[in-house]
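# A closer look at the structure
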Amino acid sequence: MPAEFGLPMAVCVVVASMVGTGVLMTSGYTVASVGSNQYMLILWVVGGVTAVCGALTVAELSASMPRTGGDYVFLYEAYGPLAAFLTGWASFLMGFSGPSAAAAFGSAKYVLAPLQLPEGQAVLLQRLLASLAILAFAAVHVSGRRQTAHVQGWITGLKVAVLGVLIVGGLAVGWPNYANLDDSQPIDSGLATSMMFSLVYIYYAYTGWNGASYLAGEIRNPQKTLPRAILIGTGLVTLIYLAINLVYALALSASDVRAIVAGPDNKPNFDRVAPIAEIAARKLFGAKWSNPLSVAIGLMMLSSLSVYMLIGPRVIYAMAKEGQFPSIAGRLSTRAETPAVATVFQIAASLVLLWTGSFEWILVYASVGLSLFSILAMSSIFVLRIKRPDMPRPFRTPLYPFTPILYLALTIALLVAAFVSKPDVSTISLVSMLAGIPVYYACGAHKRARPV
């Protein structure tokens, strides 16, 4: 595929990959879990540090191996075809299909929130609207790269503008409620576990700092462009996240959030605080302003869906070209030279997840899977430093080896907490990842694999 994307598009991909479903849907879960706005903000700082460490690590890997496929390429070089297949498999299911379903689901929740529909009816309409969005953006990206760059640029611009209005307006109106930030409490073992598990939600929100690496083969001068795009995008997003969460904290106390989760029937349902930005806006500005803002937020979340539908098929395409996925997925559309068949695979997986799981279930399922394969991918920097010492490295990870070690330690800690707090969905996520092993052999990928 020809290289047509520059630094602005690469930064847009990073920002669009990160900002969206996570920060606009998971902060309510975090506050409800830990019972403190102050701890919630601290956890978002920890998540930002983790993301920067991961970004610095993947910047070296991407600059050294600037080929389309991202983590798949790194794992192939470091651990061989089976590991590469598994990370590609997990990326397909939980790295892009899961987030695509979650982004579309979240967008529909915000767009329909002003209607105040009964829960059962609302979920059905949300899934229908989300399905249409997935199909629409798949069609856009299959049609050609010029259309992709144009649509992605405009939607990302809308995202930044809407978030800017929410941040500036929210801080101005909500600052008198600064007492909401002074709600720390003694940390015992139970709270510590809840805080570590909450990093699962936050980790999901920060996921995407490696988004541009999946388009490496289509970016001009990737050795210089990729590290700059990844670091600029991650830095901007970290600042945006802290500002948005500060607005949530000023709008709603921890007790307010927990009361919403409990509901009038006192039957806890975390999905009640999923559209946290709409709830905060309603509290700060009233329905007159929060309703149109909710619709605008829903529309801007389509930026994340768009980028997932853009990048995900590239992973499947890369696998197919290496003989590790059905060869039909390696075909490009004749006219636009885009991975049309691979896009169909992702549409199918996204729709299955969308129609079979709740929003929180999809979120935890995807986050655990992302954490599992990111550990494998980021650890490849150590293997390649030893195995391929002469590999050109236009960018080297600062403070190596401490930077990747910190990333891996924090990610492993949140995974342990996830299996303790949500053993069912965490186990399903792990089993889904390991299910790729029989698929690998059943498809004969082990026979067709060849060096990258």
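Residues numbered from 1 in each chain as written. Predicted model: local features only at pLDDT ≥ 70, side-chain atom pairs only at ≥ 80, totals over all residues. Heavy atoms only, no water.

## Looking at helix α12 (residues 276-285)
Condition: Residue burial is assigned from relative accessible area. The probe radius is 1.4 Å, only protein chains are included, and a residue is buried under 20% of its type maximum, exposed over 50%, and partly exposed in between. In this description a helix means any DSSP run of H or I spanning at least four residues, a strand means any run of E spanning at least two, and both kinds are numbered starting from the N terminus.
Most of α12 sits out of view: 7 of its 10 residues are buried. Burial in α12 covers these residues: Ile276, Ala277, Glu278, Ile279, Ala280, Ala281 and Leu284. Downstream of α12 by a residue or two, Gly286 has a phi angle that is positive, lying close to 90 degrees.

## Some details on the pattern of salt bridges
Heads up, the rule is: One side-chain nitrogen of Lys or Arg within 4 Å of one carboxyl oxygen of Asp or Glu is enough to make a salt bridge.
Applying the stated criterion across every chain, the model contains 6 salt bridges. With a shortest N-O distance of 3.4 Å, Asp256 and Lys283 are connected by a salt bridge. Placement of Asp256 in helix α11 (residues 254-262) and of Lys283 in helix α12 is noted, with a sequence separation of 27 residues between them. Judged by relative accessible area, which is 48%, Lys283 ranks as partly exposed. Three or more residues joined by partner-sharing salt bridges are found here, namely Glu60, Arg385 and Arg393.

## A closer look at a nonpolar patch on the surface
As a reminder of what qualifies: Here, patches come from residues exposed beyond 30% relative accessible area and free of salt bridges, joined within 9 Å for like charges and within 5 Å for nonpolar side chains (Val, Leu, Ile, Met, Phe, Trp, Tyr). Reported accessibility uses the Shrake-Rupley method at a 1.4 Å probe radius. Residues are deemed covered only where the shown protein chains occlude them.
On the surface, Leu124, Leu125, Leu128 and Trp355 cluster together into a nonpolar patch covering about 350 Å² of accessible area. Counting residues per element, the nonpolar patch draws most heavily on helix α7 (residues 119-143), at 3 residues. Considering the arrangement of structural elements, one finds Trp355 in helix α15 (residues 340-356).

## What about unusual backbone geometry?
The phi torsion of most residues other than glycine is negative, and most of the peptide bonds are trans. With an omega of 5 degrees, the peptide bond between Tyr400 and Pro401 qualifies as cis. Unlike most non-glycine residues, Gln116 shows phi in positive territory, near 50 degrees. Note that Gln116 resides in the loop between α6 (81-112) and α7.

## Focus on the packing of aromatic side chains
Inclusion rule: Only Phe, Tyr and Trp rings take part, Trp by its six-membered ring, and two of them pair if their centres are within 6.5 Å. Stacked means planes under 30 degrees apart, edge-to-face means over 60, and tilted covers everything else.
In this structure the tally under the stated criterion is 14 aromatic pairs. Aromatic pair Phe85 and Trp89: ring centres 6.2 Å apart, planes at 15 degrees, arrangement stacked. Taken together, the residues Phe85 and Trp89, both in helix α6 and 4 residues apart, mark about one turn of the helix. On the accessibility criterion, Phe85 (1% relative accessible area) is buried. Owing to a relative accessible area of 14%, Trp89 belongs among the buried residues under this scheme. Ring geometry for Phe105 versus Phe359: centroids 6.1 Å apart, planes at 85 degrees, classification edge-to-face. Taken as a pair, Phe105 in helix α6 and Phe359 in helix α16 (residues 359-387) lie far apart in primary sequence, 254 residues in all. Here Phe105 and Phe359 have matching classes, each one buried. Grouping aromatic residues by their ring pairs yields a cluster made of Phe85, Trp89, Phe92, Tyr440 and Tyr441.

## Description of the environment of Tyr241
Let me state the cut-off plainly: Counting of polar contacts relies on pairs of N or O atoms within 3.5 Å, with two restrictions inside protein: one atom must be capable of donating a hydrogen and the other of accepting it, and residues adjacent in sequence are counted only when both atoms are side-chain atoms.
When you line up the elements, Tyr241 lands in helix α10 (residues 222-251). In the structure, Tyr241 is positioned 196 residues away from Val45 in sequence and 9.0 Å away in space, judged by C-alpha atoms. Within the structure, Tyr241 has its side chain in polar contact with the backbone oxygen of Ala205 (distance 2.6 Å).

## Side note on the side chain of Thr403
Which entries qualify depends on this criterion: Whether two residues are in contact is decided by their heavy atoms: any pair within 4.5 Å suffices.
By secondary structure assignment, the location of Thr403 is in helix α17 (residues 402-421). What makes Thr403 buried here is its relative accessible area of 7%. With near-sequence residues (within four places) excluded, Thr403 lies in contact with Cys53, Leu56, Thr57, Thr397 and Pro398.

## Examining the packing of helix α14 (residues 302-321) against α15
Rule in force here: Axis lines are fitted through C-alpha atoms, for helices just across the contact stretch, and the angle between N-to-C directions can take any value from 0 to 180 degrees. Put simply, angles under 35 degrees are roughly parallel, angles over 145 are roughly antiparallel, angles from 65 to 115 are roughly perpendicular, and the rest are oblique. In a left-handed crossing the near helix is turned counterclockwise from the far helix by less than a right angle, and in a right-handed crossing that turn is clockwise. Note on residue classes: Ala, Val, Leu, Ile, Met, Phe, Trp, Tyr, Cys and Pro are nonpolar, Asp, Glu, Lys and Arg are charged, and everything else, Gly too, is polar.
Remark: α14 packs on α15, axes separated minimally by 8 Å, with the N-to-C direction vectors making an angle of 115 degrees. Comparing the axis directions of α14 and α15 gives the class roughly perpendicular. The crossing of α14 and α15 is right-handed. Residues Tyr308, Met309, Gly312, Pro313, Ile316 and Tyr317 of α14 touch α15, and the partners they reach there are Ala342, Thr343, Phe345, Gln346 and Ile347. Within the contact of α14 with α15, the residues separate by chemical class into 8 nonpolar, 3 polar and no charged.

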